Amino acid sequence: MKQFSPLLLTSLLLLTVGCGKQDEIHSYDVPKEAPDLGPAHAAAEATPTRMLAAILPGDGQNWFFKMTGAPDQVAPQFANFVEFLKSVTLKAGQPEWKLPADWTQEPGRSMRFATLKVKDTDPPLEMSVIPLPPSDTLENVNRWRGQVGLAPTTEKQLTAAAETSAALDHELFTIKAGDKTMTVVSLEGKMGANPMSRAPFASGMMGGGMPAPGPASSTPSAAASPIKYETPEGWAPGRSGGMRKAAFNVSADGETGEVTVIDLTRENSPLLDNINRWRGQVKLDPISESELPANSEKLKVGDLEATYVKLIGPKAEQPQPAILGAIIYRDNLAWFVKFTGPAKLAEKEETRFKQFVQSIRFE
């Protein structure tokens, strides 16, 4: 008798079942019921989540504020969140604010301008502040709603939100911040264990210019990357994927830093604005267009040119913050190569960082 492989028998069985009632086909949409996913899947079960988030339109970029956590942690911070948003103003293109009494501020890393933390919370509760190119507000609001399992809202409801006052039970409203109007969401639903696997802003694109990030642990292979480079000795692979085309963790003498490579749309990534954003992250004052040549240098990157800056923050800040950054314009994209870490480590890694930048080649 002719023998059939287990794989073929399984395929024939599925085909036979598929010829039955149409409803049975929908079993493909519920992989959580598959018996072979093991305990790792249980950790990904959706958990009750509260999200407070806001979008502040700026000049050439929008500012995104987002706090996510357990409902019993986040709900008590609603009043602080609203008062904080009302205090926000833009100065030289960057936000300034007054922190609530039980909040603290930490410097940003990678794409974060700043991280605001609520004291004495377990697990830690924090809010991210991230600048991104202008994008559709409705898409961003609906992306946030999707993250906590809520149905999308409509343009009509978004417009009506301008007349809605802030209240814990209002999912969508606006707040005046200086001469700007912020769109604010207060959402409660359920979120999976790995929300970074979903785009936190515009559908498919973060902030209208960046691909949505994949799972935090993903590390694309060189074959899938649009760039090639030579990794300096001692740099360990970091959290890459999605908008991060490459990432590395750098450690020496008990200090750690991070290097990231990120691409944004060129038209929404003016050189001076981004350099001043970096300067603000290390507590340096912004510079003017005429001051840029004296505060930067050019690096050769194949047949392209990168603008390189070395930004060392005030010694009063401990640890003293630093950013080594390079911006490369190619076709319709701006590529940002950035080291973030303590000043002593930046000094140690500067030569290797420059060599890394100059080794980059585009597919």
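None of these values were measured; they are calculated from a predicted model. (Residues numbered from 1 in each chain as written. Predicted model: local features only at pLDDT ≥ 70, side-chain atom pairs only at ≥ 80, totals over all residues. Heavy atoms only, no water.)

A. Broad picture of the overall build of the chain. When you go through the chain residue by residue, the secondary structure sums to eight helices and 20 strands. Considering only contacts in the chain between residues 6 or more positions apart, those separated by 24 or more positions represent 56%. When the accessible surface of the chain is summed, it comes to about 18,800 Å², and 53% of that surface belongs to carbon and sulfur atoms. (Helix = DSSP H or I, 4+ residues; strand = E, 2+ residues; numbered from the N terminus. Contact = heavy atoms within 4.5 Å. Areas by Shrake-Rupley, 256 points an atom, 1.4 Å probe, with all protein chains shown as cover.)

B. Local environment of empty space enclosed by the protein. Counting across every chain of the model gives two cavities of 30 Å³ or more. Here the largest cavity is characterised by a volume of approximately 100 Å³. If you trace the largest cavity, you find 15 residues lining it, with G60, Q61, N268, S269 and N274 closest to the centre. Contributions of two or more residues to the lining of the largest cavity are made by β7 (125-132) and α7 (271-281). For the lining of the largest cavity, the element with the highest residue contribution is α7, accounting for three residues. When grouped by side-chain class, the residues that make up the lining of the largest cavity number seven nonpolar, five polar and three charged. (1 Å grid on protein atoms, 1.4 Å probe; cavity = no way out; pocket = protein on both sides within 12 Å on 5 of 7 lines; lining within 4 Å. Points joined across faces, edges and corners; volume = space filled by probe spheres on them. Nonpolar A, V, L, I, M, F, W, Y, C, P; charged D, E, K, R; others polar.)

C. Spatial organisation of the layout of surface pockets. When its volume is computed, the second largest pocket comes out at roughly 360 Å³. Forming the walls of the second largest pocket are 19 residues, and the residues nearest its centre are Q94, P95, E96, F113 and G280. Counting residues per element, the ones that place at least two in the lining of the second largest pocket are β4 (94-96), β5 (103-107) and α7.

D. Representation of the sheet that holds strand β18 (residues 321-330). Spatially, β13-β14-β15-β19-β18-β17-β16 is the arrangement adopted by the seven strands of the open sheet, whose pairing is antiparallel. A strand with exactly one partner marks an edge of an open sheet, and here the two such strands are β13 (236-237) and β16 (297-301). Two strands pair when backbone bridges link them, and β16 and strand β17 (residues 304-312) are joined in this way by five bridges, in the antiparallel orientation. Bridging from a neighbouring strand, L299 pairs with A306 of β17. Running over the sheet, α7 touches β17, β18 and β19 (333-342) and is turned about 165° from β18. The strands that helix α8 (residues 343-359) touches are β14 (244-252), β15 (255-265), β16, β17, β18 and β19; relative to β19, the one it contacts most, it runs at about 155°. (Pairing = 2+ DSSP bridges. Axes fitted to C-alpha atoms, helices over the stretch in contact; angles between N-to-C directions.)

E. Inspection of the sheet that holds strand β1 (residues 47-57) at higher detail. The antiparallel open sheet is built from seven strands, whose spatial order is β5-β6-β7-β2-β1-β9-β8. Each having just a single partner strand, β5 and β8 (172-177) make up the two edges of the open sheet. Averaged over all pairs of adjacent strands, the angle between strand axes in this sheet comes to 20°, irrespective of strand direction. In this fold helix α4 (residues 78-87) packs onto β1, β2 (62-69), β5, β6 (114-118), β7, β8 and β9 (180-191), with an angle of close to 45° to the strand it touches most, β8.

F. Expanded view of the pairing of β15. Burial runs high along β15: nine of the eleven residues are buried. Where β15 meets β19, eight bridges bridge the pair, whose relative direction is antiparallel. Looking at the pairing, L264 lines up with A334 of β19. (Buried < 20%, exposed > 50% of the residue type's maximum accessible area, 1.4 Å probe, protein only.)

G. Up close: the pattern of salt bridges. Tallied over the full model, the rule gives 13 salt bridges. K117 is the partner of E106 in a salt bridge, and the nearest nitrogen-oxygen pair spans 3.5 Å. Of this pair, E106 sits in strand β5 while K117 sits in strand β6, and the two are eleven residues apart along the sequence. Relative accessible area serves as the criterion here: at 26%, K117 is assigned to the partly exposed category. Notably, a salt bridge pairs K228 with E363, separated by 3.7 Å at the nearest N-O pair. Here E363 lies in the segment after β20 (361-362) and K228 lies in strand β12 (residues 227-228), a separation of 135 residues in the sequence. The exposed category is assigned to E363, whose relative accessible area is 56%. (Salt bridge = Lys/Arg side-chain N within 4 Å of Asp/Glu carboxyl O.)

H. Spotlight on the packing of aromatic side chains. Applying the stated criterion across every chain, the model contains 16 aromatic pairs. Centroid distance F65 to W97: 6.3 Å. Interplanar angle 80°. Geometry classified as edge-to-face. Of this pair, F65 sits in strand β2 while W97 is found in the loop between β4 and β5, placing the two residues 32 residues apart along the sequence. Both residues of the pair, F65 and W97, belong to the buried class. The interplanar angle of 40° and the centroid separation of 6.2 Å between the aromatic rings of Y308 and F353 together place this pair among those described as tilted. Here F353 lies in helix α8 and Y308 lies in strand β17, a separation of 45 residues in the sequence. Accessibility classification places Y308 together with F353 in one group, the buried group. Here the aromatic residues W63, F65, F84, W97, W103 and F113 are joined through ring pairs into a cluster of three or more. (Phe/Tyr/Trp six-rings, centres within 6.5 Å; stacked < 30°, edge-to-face > 60°.)

I. Main features of the nonpolar core. Within the largest apolar cluster, 28 residues are counted, with the highest numbers of intra-cluster contacts made by V259, I328, V337, F339, F353, F356 and V357. Counting only elements with at least two residues in this core, the list comes to β14, β15, β16, β17, β18, β19 and α8. The greatest single-element share of this core, amounting to six residues, is contributed by α8. Apart from the residues lying within four places of it in its own chain, the contact partners of V259 are W235, A246, A247, F248, V250, K338, F339, F353 and F356. The next biggest cluster of nonpolar side chains, apart from the first, holds 27 residues, and it includes V74, M127, I175 and A177. (Core = buried A, V, L, I, M, F, W, Y, C linked by side-chain atoms within 4.5 Å.)

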